[in-house]
Amino acid sequence: MIRKLVVLIVFLVVLAAAGSGLWVWQGFKTLEQPVTLDEPVLFHVPSGTAFSQVARNLERQGLVTRSLWLRLYGRLVPEHARIKAGEYEFVAGMSPRDMLMAMVNGDTKDWSMQFIEGWTFRDVRAALSASDNIRHVTRDWSDEQIMTELGAPGDHPEGRFFPDTYLHTSNDSDLDLLRRSFEAMNRVLEEEWATRSDNLPYDSPYEALIMASIVERETGVPHERNEIAGVFVRRLAKGMRLQTDPTVIYGMGERYNGRITRRDLRQHTPYNTYRIDGLPPTPIALPGREAIHAALHPADGNTLYFVARGDGSHKFSRNLREHQQAVREYQLNRREDYRSSPAPASQGAGQ
C-alpha cells in the first residue's frame with residue numbers, strides 16, 4: 001500500500017513538472033509570435049530604466065501579451081536584458097523578441113533634420129526649435145553662446161554651418177547637430193580651398209565663404225553659379241561694387257517685407273553692396289558645396305552684369321549699355337509668370 005502511494009506521488013510530481021514545463025514553454029513561445037500592429041509604434045526607453053519596467057511598459061502598450069515571460073527570459077538570458085536607452089520604432093511582423101533585440105543592439109529610430117542651401121542661421125535655429133524629435137539645449141542660448149560652445153568664440157555664425165540632411169536619434173541634441181554641421185562646413189571649405197583657382201581676390205577661406213553665400217542667394221540654377229561668381233570676381237578686380245540685392249536684403253533684417261525700394265538701396269548698412277566697397281563683413285546665408293566650388297572656380301569671361309530673366313535664370317552683359325537694355329527687356333516689362341527662382345521640376349523647363 002505504501003509503495004503504491006509513493007508511486008502515485010512521484011507520478012503526480014512528474015505530471016505537475018511536465019505541466020509547468022509545458023506552460024513555461026508555451027509562455028516563451030509567445031515571445032516569438034509576431035505582434036499585430038495597424039501602424040508603426042514608437043517606444044521610448046528613458047535612460048536608467050530597469051529591464052523589468054521596460055517589460056511592463058511593453059505590456060501596457062499591447063506589445064507583449066504578458067510581461068512575465070519577458071522578465072523571466074531576461075533572467076535566464078541576462079545578456080539580452082542589457083537594453084539601451086532611446087526611441088525605437090516597432091512595426092507589424094516584429095515579435096517581442098525582435099523588439100527586445102532591437103533595444104539590446106541600440107537600433108534606435110533615426111530622424112532627419114535638413115538645413116537648406118540659402119537658409120540663414122536664424123532659419124536653422126527656427127527649424128531646430130520646432131523639432132519634437134531632438135533634445136533642446138540651445139533654445140535659450142544666444143548666437144554667441146553657441147559659437148563659444150563650438151570652439152569659435154567671437155565668430156559670427158552666419159554661413160558657418162553646412163547645409164545637408166542630418167540623421168539623428170531622439171537622444172541627440174540640437175547642439176549635436178549644430179556641431180556636426182559646423183564641422184562639416186569647416187571640412188568642405190578646407191577641401192575646396194585646397195584646390196582653388198589661381199589669382200582669386202580672397203585673402204582667406206572665410207572671404208571665399210562670404211562670396212559663396214552671395215552666389216548661393218543669387219541663383220538656384222546650377223550651371224550659372226560659376227558664371228555669377230565670375231562676374232563678382234571681375235567686379236572686385238576692377239574696383240567695382242558688387243551691387244547685389246541679397247546683401248541689401250540681409251542688411252535690412254526684419255525690415256525686409258519682400259520688396260526693395262530705392263531708399264533701401266541708398267540706406268547705408270555694412271551689407272549694402274551698393275554703398276560699400278568689396279565684400280560684406282560676413283556671409284549672408286548657408287552656401288552649399290557647389291556654391292563654394294563656384295566661388296573658388298569662377299568662370300572666365302568678360303561679363304560684368306546680370307539681370308533676372310524671370311524664369312530663375314539670368315541674362316549676362318559685358319557693359320552697362322547691354323545691361324540697361326536687358327533691364328528694360330526683363331525687369332521693366334515683366335512677364336506675368338515672372339519669378340526670381342527656378343520653376344519647380346514638376347513644371348518642366350521653360351514653363
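Please read these numbers as outputs of a predicted model, since none were measured by experiment. (Residues numbered from 1 in each chain as written. Predicted model: local features only at pLDDT ≥ 70, side-chain atom pairs only at ≥ 80, totals over all residues. Heavy atoms only, no water.)

Helix and strand counts for the protein come out as 13 helices and 6 strands. Within the protein, buried positions represent 42% of all 351 residues. Sequence-distant contacts in the protein: of pairs separated by 6 or more residues, those separated by 24 or more amount to 64%. Here the protein has roughly 19700 Å² of accessible surface; of this, 49% comes from carbon and sulfur atoms. (Helix = DSSP H or I, 4+ residues; strand = E, 2+ residues; numbered from the N terminus. Buried < 20%, exposed > 50% of the residue type's maximum accessible area, 1.4 Å probe, protein only. Contact = heavy atoms within 4.5 Å. Areas by Shrake-Rupley, 256 points an atom, 1.4 Å probe, with all protein chains shown as cover.)

This brings us to the environment of Val-221. One can find Val-221 in the loop between α8 (205-218) and α9 (225-237). Val-221 sits 93 residues away from His-314 along the chain, and the two C-alpha atoms are 9.1 Å apart.

Moving on, we get to the nonpolar core. If you look at the biggest cluster of nonpolar residues, it comprises 51 residues, and the most contacted ones within it are Leu-128, Phe-161, Tyr-202, Met-211, Phe-232 and Ile-292. The set of elements that each furnish at least two residues to this core consists of α5 (121-130), α6 (143-149), α7 (174-194), α8, α9 and α12 (289-296). Here Phe-161 is in contact with Phe-121, Met-147, Leu-150, Leu-178, Ser-181, Phe-182, Met-185 and Leu-286, once residues within four sequence places are set aside. Val-35, Leu-58, Phe-90 and Met-99 belong to the second largest nonpolar core, which has 25 residues in total. (Core = buried A, V, L, I, M, F, W, Y, C linked by side-chain atoms within 4.5 Å.)

So, on to the pairing of strand β1 (residues 41-45). A one-sided burial pattern is seen for β1, the buried positions being Val-41, Phe-43 and Val-45 and the unburied ones Leu-42 and His-44. Strand direction decides the pairing type here: β1 and strand β2 (residues 86-90), joined by 5 bridges, are antiparallel. Paired with Val-45 across the bridge in β2 is Gly-86. (Pairing = 2+ DSSP bridges.)

Throughout the structure, instances matching the rule amount to 11 salt bridges. Among the salt bridges present, the one from Glu-191 reaches Arg-289, with a minimum N-O distance of 2.8 Å. Highlighted residues: Glu-191 in helix α7 and Arg-289 in helix α12, separated in sequence by 98 residues. Note on Glu-191: relative accessible area 38%, which makes it partly exposed. Here Arg-225 ties to Glu-216 by a salt bridge, and the two come within 3.9 Å at their closest N and O atoms. Here the salt bridges share partners, and the residues they tie into one network are Glu-191, Glu-192 and Arg-289. (Salt bridge = Lys/Arg side-chain N within 4 Å of Asp/Glu carboxyl O.)

A word on the packing of α8 against α12. For the pair α8 and α12, interaxial distance at closest approach is 8 Å and the crossing angle is 120°. The crossing of α8 and α12 is right-handed. Side by side, α8 and α12 meet where Ala-208, Leu-209, Met-211, Ala-212, Val-215 and Glu-216 of the first sit next to Ala-291, Ile-292, Ala-295 and Leu-296 of the second. Across the contact of α8 with α12, the residue classes break down as 9 nonpolar, no polar and 1 charged. (Axes fitted to C-alpha atoms, helices over the stretch in contact; angles between N-to-C directions. Left-handed = near helix turned anticlockwise from the far one by under 90°. Nonpolar A, V, L, I, M, F, W, Y, C, P; charged D, E, K, R; others polar.)

Glancing now at the packing of aromatic side chains. Enumeration according to the criterion identifies 8 aromatic pairs in this entry. Geometrically, the ring pair formed by Tyr-88 and Phe-90 is stacked, given 6.5 Å between the ring centres and 15° between the ring planes. This pair shows no difference in class: Tyr-88 is buried, exactly as Phe-90 is. Where Phe-115 meets Tyr-166, the ring centres are 5.5 Å apart and the plane angle is 50°; that geometry is what we call tilted. One end of the pair, Phe-115, is in the loop between β3 (111-114) and α5; the other, Tyr-166, is in strand β4 (residues 165-168), and 51 residues separate them in sequence. For the pair Phe-115 and Tyr-166, one class covers both residues: buried. (Phe/Tyr/Trp six-rings, centres within 6.5 Å; stacked < 30°, edge-to-face > 60°.)

In this structure, Ser-317 sits in strand β6 (residues 314-317). Residue classification places Ser-317 among the buried positions, given a relative accessible area of 1%. Once you skip the residues sitting within four places of it in the chain, Ser-317 turns out to touch Thr-303, Leu-304, Tyr-305, Glu-322, His-323 and Ala-326.

Among the 10 residues that make up helix α4 (residues 96-105), 7 are buried, leaving the element largely enclosed by the rest of the structure. By the burial criterion, the buried members of α4 are Pro-96, Met-99, Leu-100, Met-101, Ala-102, Met-103 and Val-104. Packing partners of the buried residues in α4 comprise β1, α2 (51-60), α3 (67-76) and β2. Just past α4, the residue Gly-106 takes up positive phi, approximately 75°.

So, about the confidence of the model for the protein. Looking at the protein, the pLDDT average stands at 86 and 87% of residues meet or exceed 70. For the stretch residues 4-20, pLDDT sits under 50, and the model shows 0 contacts to residues farther than four places along the chain or on other chains. Within the model, pLDDT remains below 50 along residues 341-351, and this stretch shows 13 contacts once partners closer than five positions in the same chain are excluded. (pLDDT = per-residue confidence, 0-100.)

This part takes up the packing of α5 against α7. In contact at an axis separation of 10 Å, α5 and α7 are set at 145° when each is read in the N-to-C sense. In the packing of α5 onto α7, the handedness of the crossing is right-handed. Between α5, through Phe-121, Val-124 and Leu-128, and α7, the contact on the second element is made entirely by Asp-174, Leu-177 and Leu-178. Considered class by class, the residues forming the contact of α5 with α7 number 5 nonpolar, no polar and 1 charged.

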